[in-house]
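Secondary and tertiary structure notes
Chain by chain, the residues:
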Amino acid sequence: MPQMNMVQAINDALRIAMRADDRVVILGEDVGRVGGVFRVTAGLFDEFGDERVIDTPLSENGIVGTAVGMALYGLVPVVEIQFADFIWPAYDQIVNELAKYRYRSGGEYPAKVVIRAPVGGGIRGGHYHSQHPEAPFIHVAGLKVVCPSSAYDAKGLLLSAIADPDPVLFFEPKRVYRAAKGEVPAGAFTVPLESAAVVRPGRHVTVLAYGAMLYEALDAASKAVAHGVEAEVIDLRTLWPVDITTILDSVRRTGRLVVVHEAPRTCGFGAELVSLVVERAFYHLEAPPIRVTGFDTPFPYSLEMEYMPLSHRILPALLEAVRS
Amino acid sequence: MPPDDGVVRVLRDDLTLDPENDPGLSDAEVLHLYRHMVMTRLLDERLVALQRQGRIGFHVGSLGEEAAILGAAFAMRKNDFIFPCYREFGAALMRGFELGVFIHNMFGTAKDTVRGRQMPDHYTCRRVGWGSISSPVGTQITQAVGFAWGAKIRKQDVATLVYFGDGATSSSDFHSGMNFAGVFRVPTIFFCRNNGWAISVPVTRQTASRTFAEKAAAYGILGVRVDGNDLFAVVSTVRKALERGIRGQGATLIEAITYRMGGHSTSDDPNRYRGSEVLEPWASRDPIGRVRAYLEKRELWDGAAEERLIAEIDKEFREAVAVAERTPLPPLESMFEDVYERPPWHLLEQRAQLLNGPRAPSPHS
């Protein structure tokens, strides 16, 4: 089975989708000849030409607005937003238009666009190349939000996202774009949306993580063993609609919950995850849930490793959850 | 002599047509357009009355802009697509949207095509190539470009016409849409109804440009000004823009100069920001009156025909209102449909909570 990193796996998924369905087109800044600033679309311009791999003007609002129009016509646009930090000029088109089209037209106009965007810190990108903005999109009725952590999942989830009838925000953890390597089958396969994966079983505490922070959670979990703590680590993979069944099955067994995400804490996705668990499994909980997250500050450049919820901050949370 | 200002005009004061831009409409076509203009104005009046009586929540009308709205849609082909703003119901009806279904939308009933999910005047009708309506201004502009661009990529002969007002030219979507259409030579017709006002704000607060049409030059596309109260000039100008688009010559920005004779909507009182004297010069150039005078001079129309037409429309309208008022609101569970293709677990859970929970005391307020 071929070894791929996440960039290669996503590239492979895009090529497979475009070969299988000539309605699939890619739009974005620098996605054409140069193959994207992270080379995720490398080689696609040469294979599919400039009408299907489209270097656009530098306008996120224009890219998403025209992609919505293409979707209404019947194409399947896969948009690349160069960094998730640049997505905000398109926010109105995503929130008020793309996400609402099926609903507001009584089903006459389903609008299906996949929006890919690299997310997250730890790459010396400062505030404008490090944000992890899943929460504002999860809050929007009509969107699905995905964030893979492995090359295998990235390929399988992107193929699912492109085939899915609803608009999908596909957030790619760029800190592990090349580090997340593994065996990935050649050819088409899918990982279903809305399914989390228990990536490390354990019986003392449940850790929910996704994207690049999954690896930090796994590192903390392996270090916790020395303290006699067996943490169960769940990779959410699809953030919304979240796989509530897998989460509750785990928390009902462990009785303890730690949630990890890079984005700021207040009204972050962790708040929703904790609420969902507390509403449904309150009497199974042995300790207060703990959130290990970015701080409620803008993302800092020089102090980024202090800002991020890395293993050194997750480990004490695991021990505290089990101790209390 | 008309002023030499580059504005396309066809219907002269002596009720003859300037041959230079005469669209060559048959008498039957002019009568068809005239009937729909009259219907649009009459429905506007009736719908405002229903709102004042508290029977519907809202209406956004097109008083004074009927020639611009209907003329533009008439020039487009069946296979073309129209992206409306929210002031163009008359054109939707002319393209085949049924009056009865429109009235269901005005009442938000179970038979509304958008299932009572949007305010009145936010209907949709894909069957007649009519888009879905959004209240935020300008958002349909980039979408219209994307639609025509998608068709171009698929080598299909489809153009789009997008309606918007002068206020929307200030939006980022106007800039993005014009720019993308210019770069990719997309067959979209940008139809700007310059009606003088964006709610209470005059055009001088939207732009320091001398005209809206000249903005096209910055995007490398053609800009044209047309007398929006001249039905013949509007049809001719949009047809030429459509032919350019079909020939691969790209997009056109059309500035239709007209005037919003009423308020922005039923929620607006224009007396608070403009005097009635500003309406006088425009009233004398009423787009419907001009076509009626043209038809009467050619002995194709008279007072009796007008009375018959109004009676017909009124009858159809009254019946549609009666049906809509007897039609129930959409069922509770419809709130959760079409958010996604299939409702995920959280919507099923919330649907059950709604269905099993207490009912609101009354549907509105």
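Note: the structure precedes this text.
Being a predicted model, the structure only gives us computed values, none of them experimental.

1. Thoughts on the interface of chain B and chain A
At the interface, 47 residues of chain B touch 47 residues of chain A. For the chain B and chain A pair, buried surface summed over both sides reaches about 3,900 Å², with 58% attributable to carbon and sulfur atoms. On inspection of chain B and its partner chain A, the count reaches three salt bridges. The partner of B:Glu349 in a salt bridge is A:Arg280, and the shortest N-O contact between them spans 2.3 Å. Here chain B and chain A share 25 residue pairs in polar contact (both at pLDDT 80 or more) between them. Ranked by the residues each element gives to the side of chain B that touches chain A, the list is headed by helix α5 (residues 139-153) of chain B, at ten residues. Taken together, the residues of the side of chain B that touches chain A sort by class into 20 nonpolar, 17 polar and ten charged.

2. Notes on unusual backbone geometry
Along the chain, A:Trp240 connects to A:Pro241 via a cis peptide bond; the corresponding omega equals -5°. In this structure, A:Pro241 sits in the loop between β12 (238-240) and α9 (244-254). Residue B:Arg115 is not a glycine yet carries a positive backbone phi of 55°. Within the secondary structure layout, B:Arg115 lies in the loop between α4 (99-107) and β3 (124-125). According to the relative accessible area criterion, B:Arg115 is partly exposed, its value standing at 25%.

3. Quick look at the sheet that holds strand β4 (residues 76-80) of chain A
All names here are of chain A. On the basis of which strands lie adjacent, the open sheet formed by seven strands has the order β3-β2-β4-β5-β7-β6-β12 and mixed pairing. Here the strands that pair on one side only, and so sit at the sheet edges, are β3 (53-55) and β12. Averaged over all pairs of adjacent strands, the angle between their axes in this sheet comes to 20°, without regard to strand direction. Alignment of strand β5 (residues 114-119) against strand β7 (residues 168-173), held across six bridges, turns out to be parallel. The residue bridging Ala-117 from the neighbouring strand is Phe-171, located in β7.

The rules we used
- Residues numbered from 1 in each chain as written.
- Chains lettered and ligands numbered in written order.
- Predicted model: local features only at pLDDT ≥ 70, side-chain atom pairs only at ≥ 80, totals over all residues.
- Heavy atoms only, no water.
- Contact = heavy atoms within 4.5 Å.
- Buried area = accessible area lost by both parts, 1.4 Å probe.
- Salt bridge = Lys/Arg side-chain N within 4 Å of Asp/Glu carboxyl O.
- Polar contact = N/O pair within 3.5 Å; in protein donor to acceptor, adjacent residues only side chain to side chain.
- Helix = DSSP H or I, 4+ residues; strand = E, 2+ residues; numbered from the N terminus.
- Nonpolar A, V, L, I, M, F, W, Y, C, P; charged D, E, K, R; others polar.
- Buried < 20%, exposed > 50% of the residue type's maximum accessible area, 1.4 Å probe, protein only.
- Pairing = 2+ DSSP bridges.
- Axes fitted to C-alpha atoms, helices over the stretch in contact; angles between N-to-C directions.

Keep in mind these values describe shape, not function.
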